[in-house]
Amino acid sequence: MDVRESSAEAFFEQDGRARYVPSGYTRGPWAADSQHAGPPAALLGRAVLRREGAREDMLLARITFEITRPVPLKPLEVATRVLREGRSVELVEATLTPEGGQEVMRARALRIRTEPDSVPEVVGGPVVAPPESCAAQPFFDVPWEKGYHTGMEFRFASGSFREQGAAACWLRMGVPLVAGEEAAPLDRVLIAADSGNGVSNVLDFSRHVFVNPDLTVHLHRYPCGEWVCVDAATSVDGAGVGMAESALHDERGPMGRGVQSLFVSARP
């Protein structure tokens with residue numbers, strides 16, 4: 001097993017302009033040599049916003065991640081390019097490639113020009129109990145001590161990791177995305193959004209495999225605060241295809257949605 005991880009108290013340590021070394025906090029619950037998709041998704045979102053020439057008057061309204069292979073615990077190279085650029089809308093692509101390997105994740109981000117106070121604000125959606133009133137719940141069993149489950153804090157407004165069915169979970173980063181940097185609001189959203197199926201599991205994880213080859217996040221406003229709530233429900237067809245849908249909240253209220261496609265099968 002070729003694992004090369006940073007010892008930084010962060011999900012990643014930057015080593016060069018576009019090279020990032022993952023720490024053990026990126027490790028997912030399914031394989032010791034693979035990352036949870038949340039941290040690399042946040043890394044790609046960060047690249048979209050920080051690329052040279054990025055406009056500050058645009059909101060990331062939608063970002064879709066295609067996860068073509070498990071993301072290994074190896075140094076990763078990030079690249080971006082603008083696919084379409086207009087006065088009010090732009091489309092940006094970002095890719096993640098392990099050092100000396102093949103591309104493992106690709107993101108396409110739609111950004112829309114904003115003009116504060118130009119139209120009336122309309123807000124809808126259910127209210128979720130705030131994180132300070134919610135209890136921490138134990139993570140499901142993981143065979144290693146350090147991973148995504150220790151780099152994040154979890155509080156449930158309903159359900160839990162150890163119950164099956166819909167659940168609403170507040171998540172907060174316990175370490176920065178990149179060492180030496182303060183986490184941005186978008187970092188916090190994207191690192192949490194991939195947990196929709198994890199918090200709303202409907203089948204026993206010890207007997208079934210869940211793989212999400214994609215994640216799409218829509219946002220209708222800028223996120224704020226440290227906490228992100230993933231209010232999720234998962235559906236699975238008997239043929240082995242599923243979908244996890246999540247309403248995304250911050251402490252101000254609803255801000256967007258996340259959707260994951262799922263491949264589901266019985267464990268061998």
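Just above sits the structure.
Residues numbered from 1 in each chain as written. Predicted model: local features only at pLDDT ≥ 70, side-chain atom pairs only at ≥ 80, totals over all residues. Heavy atoms only, no water.

**Quick notes on the nonpolar core**
The cut-off we apply is this: Only buried Ala, Val, Leu, Ile, Met, Phe, Trp, Tyr and Cys residues count toward a nonpolar core, and they belong to the same one when joined by side-chain atoms within 4.5 Å. Buried residues are those whose accessible area, probed at 1.4 Å on protein chains only, stays under 20% of the maximum for their type, while exposed residues exceed 50% and partly exposed ones sit between those limits. Residues are treated as being in contact if the distance between any of their heavy atoms lies within 4.5 Å.
F11, F65, L96, M105 and V217 are the most contacted members of the largest nonpolar core, which has 62 residues in total. If we ignore the near neighbours within four places in the chain, the residues touching V217 are A61, R62, I63, V189, L190, A193, L248, R257 and G258. In terms of nonpolar packing, the next biggest core, distinct from the first, is built from 6 residues, V128, A168, W170 and C229 among them.

**A word on the packing of aromatic side chains**
Where we set the bar: Between 30 and 60 degrees the pair is tilted, below 30 it is stacked and above 60 it is edge-to-face, where a pair is any two Phe, Tyr or Trp rings, Trp via its six-membered ring, whose centres lie within 6.5 Å. Strands here are runs of E lasting at least two residues and helices are runs of H or I lasting at least four, both read from the DSSP assignment and numbered beginning at the N terminus. Placement of a charge over a ring requires the Lys NZ or Arg CZ to be within 6 Å of the ring centre, with the centre-to-atom vector within 35 degrees of the ring normal.
What the rule picks out here adds up to 12 aromatic pairs. Centroid distance F140 to F161: 5.7 Å. Interplanar angle 80°. Geometry classified as edge-to-face. Of this pair, F140 sits in the loop between β7 (135-136) and α2 (148-151) while F161 is found in the loop between β8 (152-158) and β9 (167-173), placing the two residues 21 residues apart along the sequence. Of the two residues, F140 and F161, both sit in the buried class. Summarising the aromatic geometry, the rings of F205 and F210 are spaced 5.4 Å apart at their centres and angled 90° between planes, so their arrangement reads as edge-to-face. Each of the two residues, F205 as well as F210, counts as buried. Taken together, the ring pairs in this structure connect W30, F139, F140, Y148, F154, F156, F161, F205 and F210 into an aromatic cluster. Here the guanidinium or amino end of K146 rests over the ring plane of Y25, the centre of that ring lying 4.4 Å away.

**Concerning helix α1 (residues 38-50)**
This is how it is decided: Each helix should span, by expectation, one fewer than its residue count multiplied by 1.5 Å.
Helix length check: α1, at 13 residues, gives a terminal C-alpha distance of 18 Å against a target of 18 Å (1.5 Å per residue), a fit within 8%. Of all the 13 residues making up α1, 11 are buried; the element is thus mostly covered by neighbouring parts of the structure. If you check which residues of α1 are buried, you get G38, P39, P40, A41, A42, L43, L44, G45, R46, A47 and V48.

**Thoughts on the side chain of D250**
Condition: Identification of polar contacts relies on pairs of N or O atoms within 3.5 Å, with a donor-acceptor requirement for protein atoms, meaning one able to donate a hydrogen and the other able to accept it, and with residues adjacent in sequence counted only if both atoms are side-chain atoms.
Mapped onto the secondary structure, D250 falls in strand β13 (residues 241-250). In this structure the side chain of D250 is engaged in a polar contact, spanning 3.0 Å, whose partner is the backbone nitrogen of R252. D250 has contacts with W170, R221, Y222, P223, C224, W227 and M255, leaving out every residue within four places of it along the chain.

**Notes on helix α3 (residues 185-193)**
Across the 9 residues that make up α3, a large majority, 8, are buried. Restricting attention to buried positions, one finds in α3 the residues L186, D187, R188, V189, L190, I191, A192 and A193.

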